[in-house]
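Below, each chain spelled out in residue letters.
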Amino acid sequence: MNRNLVKALQVAWELPEFRTGVRHVIDLDEVAVLLATLSVPEHDHEVERSLLSLLRSALDTVEIREAVLLLLEQDEVRRPLVAAAVEPLEERPAQAAAIASAAEDPVVRREVRAVLASATVRELIWQAIENQLSEDRFGLIRRAAVLFVRHPSVRRLAWALRRHGVLRELRRNR
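Quick summary incoming for the structure in this document. This structure is a prediction, so every number in the text was calculated from the model and none was measured.

## Some points on helix α8 (residues 106–117)
The periodicity of an α-helix, 3.6 residues per turn, causes residues three or four positions apart to be oriented the same way.
At step 1: Between its first and last C-alpha atoms α8 spans 16 Å; for 12 residues at 1.5 Å apiece the expected length is 16 Å, and the two agree.
At step 2: For α8, the complete set of buried residues consists of V108, R109, E111, V115 and L116. The buried residues of α8 occupy an angular sector of 160 degrees when projected down its axis, which confines them to one face. Turned more than 90 degrees from where α8 packs its buried face, P106 and A117 sit exposed.
At step 3: The backbone nitrogen of V107 lies 2.8 Å from a side-chain oxygen of the residue at the head of α8, namely D105.

## Points about the side chain of H151
At step 1: Among the structural elements, H151 can be located in the loop between α10 (137–150) and α11 (152–163).
At step 2: By relative accessible area, which is 14% here, H151 ends up buried.
At step 3: Setting aside anything within four residues of it in sequence, one finds H151 in contact with T120, V121, L124 and V146.

## So, the pattern of salt bridges
At step 1: Going through the model one piece at a time under the given rule, you end up with nine salt bridges.
At step 2: Two residues, E73 and R109, come together in a salt bridge whose shortest N-O distance is 3.2 Å. One end of the pair, E73, is in the loop between α5 (62–72) and α6 (75–86); the other, R109, is in helix α8, and 36 residues separate them in sequence.
At step 3: Under the relative-accessibility criterion, E73 is labelled partly exposed at 37%.
At step 4: Here E169 makes a salt bridge to R172, at a shortest N to O gap of 2.9 Å. In this pair, E169 and R172 are both assigned in helix α12 (residues 166–172), three residues apart and thus about one turn of the helix distant.
At step 5: Given a relative accessible area of 4%, E169 falls into the buried group.
At step 6: The class of R172 is exposed, set by a relative accessible area of 55%.

## Examining α10
At step 1: With 14 residues, α10 extends 20 Å from end C-alpha to end C-alpha; this agrees with the ideal 20 Å at 1.5 Å per step.
At step 2: Buried within α10 are the following residues: G139, R143 and L147. The buried residues of α10 occupy an angular sector of 70 degrees when the element is viewed end-on, so they sit on one face. For α10, exposure combined with an orientation more than 90 degrees from the buried face picks out R137, F138 and V149.
At step 3: Lining the buried residues of α10 we find α9 (119–133) and α11.

Basis of the calculations
Residues numbered from 1 in each chain as written. Predicted model: local features only at pLDDT ≥ 70, side-chain atom pairs only at ≥ 80, totals over all residues. Heavy atoms only, no water. Helix = DSSP H or I, 4+ residues; strand = E, 2+ residues; numbered from the N terminus. Expected span 1.5 Å × (residues − 1). Buried < 20%, exposed > 50% of the residue type's maximum accessible area, 1.4 Å probe, protein only. Arc of directions from axis to C-beta. Polar contact = N/O pair within 3.5 Å; in protein donor to acceptor, adjacent residues only side chain to side chain. Contact = heavy atoms within 4.5 Å. Salt bridge = Lys/Arg side-chain N within 4 Å of Asp/Glu carboxyl O.

Below you can see the structure in the form of C-alpha cells.
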C-alpha cells in the first residue's frame, strides 16, 4: 500500500472524533478485508465494486461524509492523501502538479463539499462511475453532461479545477 496513503490514514485514525464518528456507521473489519484484498496485484474486479459500494454508502451517510470532508481541511491528512493520489502519475508531472494545486485550494474544497451535499448529484456521479466501469462511454458522457448542465455546483467545481489546469491536463494525457 502507498506509504503516503498509510500515513494519511494513520493521522486520520488518531483523531478521536474521526474514529468515534465512523465506528458506529461502518464495519471497519469489512474495510480492512477489502483493503487487504485490493493490495494483492491480481484482485478480482468484484472487490473493486464492493469497495465502491462501501464508499457510496459512506458518502451517503452524512456523518461519514462530513468527517471525511473535515479531515481533508487538515493539512496533515490532506497532503499525504494527495501525495498518494498523484504518486502513480509520476510520468505525468504536469497533471500531478495540477491535482496537487487544486487540492490545496480552499475554493476547490468548498465546491467539492457543495457537490457532495446534493443527493441527486451524488447519484449521478455514481451512475457515471458505473458507466465507466461497464465501459459505457455514451452513458458516461450523458451523465457528465447532465451533471454539468443541471447542477451549478458541478459547473463551479469544474471552473475551479480548470483554473488549476486539471481539466487541461486530463485532456492532454488521453
